Each structure stands twice: as C-alpha cells, then as structure tokens.
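Working through the structure, step by step
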Amino acid sequence: MMKKNSLNIFFTGFILIIFLLNKESIAQTVTWDSTYRPAKYKEITEEFNVDKRSKKDFVFLGNSITAGGNWAKLLNLPNAKNRGISGDITFGVLDRLDEVISGRPAKIFILIGINDISRNIPDSIILRNYKTIISKISKGSKRTKIYFYTLLPVNSEFNKFKNHYNKDEHILWLNEQIRNFKGRQLTVIDLYPRFIDGANHLRADLTKDGLHLNDGGYKIWSDFLKDKGYLK
C-alpha cells in the first residue's frame, strides 16, 4: 500500500509539472499581426500618391513621431516631404515604400519600429524588415542617401500609451543592431542618446505623453540634423 501511494504521489506530481510547463509555454506565446494598418492608412497613402515628387526631395518616413514634425519649417527646407503615418509599423512602411522610391528622392530619413514593439512583433522580425526597407530603397533608387535613426526612448511615468512602456530591452536591442548597419549610401543617426534622462527614459521635458515629442523635442532633433551636416 505504501508503494502504491508513493507511485500515485509521483504521477500526480509529474502531471502537475507538465501542466505548469504547458501553462508557462502558453503564457509566453505572444500573438502579433503583420496585416495591421492604422485606420487612416489608406486615406493618407492615397494623398501621398498624388503628391508631387522630385529628385531634390528630403523624405521623412515613419510613424506619428515623424508625422508630428513640420520638417519644412523646422529645417527651413521647402523640399522636405513628411511621410509619417500615425500608428504605422514596419510592414506598413514596406507596403507604401514604392511611392517613396518612385520619386528618386535625394535623401530618406527613417524612424520606425516603436509601434511594432508595442504590438509584440518580435525583434528579429522588426530587424528583418529594417534590412528589407534599406535593400528596397538601395535597389529602387540607387542615388538616394538613406539615414536610419535609432529608436527614441519612452517614459513610463505617463499613462496614455501603456503598450509602449516598459519595453526598454527591445528598444536597446534594436538600437544596437541599427548602429551596426553599413552601406555605401547608408548613414546611421543615433538619436537615442539625445533624448534620455538619467534613468535612460525619454526626458519628461521633451514629451507630452511619454512617447511623442513636444516642440522642445523637435527642436533638439532638427538642430541635431543641422549641426551634424545631414542636410547638405
């Protein structure tokens, strides 16, 4: 009887361990959607498609952080084209990249990825999409100079964009990969250090919600581009 009870205890414990392992595995399975597009994606891309394009254009490509900057005014650059779409992800940029390339612009400045992180798209997939974006531009518009930004930090002390907060390890990993990008027509612009506080968060005085920049943030960004000669 003692032996039988011991066996029962053993098998019960074994089944419990298997259950807990399976439960942990399920909890770690994060779903993500490459087909997600912002509500106004189609409307905005249609507007982009009918906009005049020139080989002298400086295109600013990205999500709401790019969209929030009046680049022509900030940089005193009439040929600046804002191609930011609020909420966009790397898959969305890839889908609309032909419009950007078709004008054979002089320069393209790219900041994208924080919404991918917020939507649980794996870092390796985001990195793959970065490389595909660069490759498509390089092949489709060979004289275009590509400027790829590191991701900006976020600040979790705000409450509006909780899915974007507390994912600093993803930002840090992707930024390390971006800093290693190399190419004949490619320049990496490391924005991240310009915006961090002592805790490696987005400076509270440069943001209105822990994710997007205020006027002070855009001034630092635009002054940095001017000072470093990226607009020449």
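Preceding block: the structure.
Residues numbered from 1 in each chain as written. Predicted model: local features only at pLDDT ≥ 70, side-chain atom pairs only at ≥ 80, totals over all residues. Heavy atoms only, no water.

Quick look at the sheet that holds strand β3 (residues 107-111) now. An order of β2-β1-β3-β4-β5 is seen for the five strands of this open sheet, with the pairing classed as parallel. Where the open sheet ends on each side, the last strands, each with one partner, are β2 (80-84) and β5 (186-189). On average, each strand axis in the sheet is inclined to that of its neighbour by 20°, with strand direction left out of account. Two strands pair when backbone bridges link them, and strand β1 (residues 58-62) and β2 are joined in this way by five bridges, in the parallel orientation. For F60, the partnering residue across the bridge sits in β2 and is N82. The sheet strands contacting helix α8 (residues 123-140) are β3, β4 (145-149) and β5, and the helix crosses β4 at an angle near 165°. (Pairing = 2+ DSSP bridges. Helix = DSSP H or I, 4+ residues; strand = E, 2+ residues; numbered from the N terminus. Axes fitted to C-alpha atoms, helices over the stretch in contact; angles between N-to-C directions. Contact = heavy atoms within 4.5 Å.)

One non-glycine residue, N76, lies in positive phi territory at about 50°. The residue N76 is located in the loop between α4 (71-74) and β2 in this model. Take N76: its relative accessible area is 67%, and that puts it in the exposed class. The phi dihedral of N200 is positive, around 65°, even though this residue is not glycine. Its place among the elements puts N200 in the loop between α10 (192-195) and α11 (215-227). (Buried < 20%, exposed > 50% of the residue type's maximum accessible area, 1.4 Å probe, protein only.)

Before going further, it helps to examine the side chain of D123. When you line up the elements, D123 lands in helix α8. In this structure, D123 is buried with no salt-bridge partner, the nearest side chain bearing the opposite charge being K167 at 9.3 Å. In this view, D123 contacts H170, W173 and L174; residues no more than four positions away in its chain are not counted. (Lys, Arg positive; Asp, Glu negative; His and termini not counted. Salt bridge = Lys/Arg side-chain N within 4 Å of Asp/Glu carboxyl O.)

Along helix α2 (residues 41-50), the residues classified as buried are Y41, I44, T45 and F48. In a view along the axis of α2, the buried residues occupy a sector of 100°, so they form one face of it. Of the exposed residues in α2, the ones pointing more than 90 degrees away from its buried face are K42 and V50. Along its buried surface, α2 packs onto β2, α5 (90-95) and α6 (97-102). (Arc of directions from axis to C-beta.)

A separate point is the environment of Y149. Relative to the helices and strands, Y149 is located in strand β4. The buried category is assigned to Y149, whose relative accessible area is 1%. Measuring from C-alpha to C-alpha, the distance between Y149 and V188 comes to 5.9 Å, with 39 residues separating the pair along the chain. Not counting chain neighbours up to four residues away, the residues in contact with Y149 comprise F60, F109, I110, L111, I178, I189, L191, W221 and L225. Engagement of the side chain of Y149 in a polar contact is seen with the side chain of W221, the distance being 3.2 Å. (Polar contact = N/O pair within 3.5 Å; in protein donor to acceptor, adjacent residues only side chain to side chain.)

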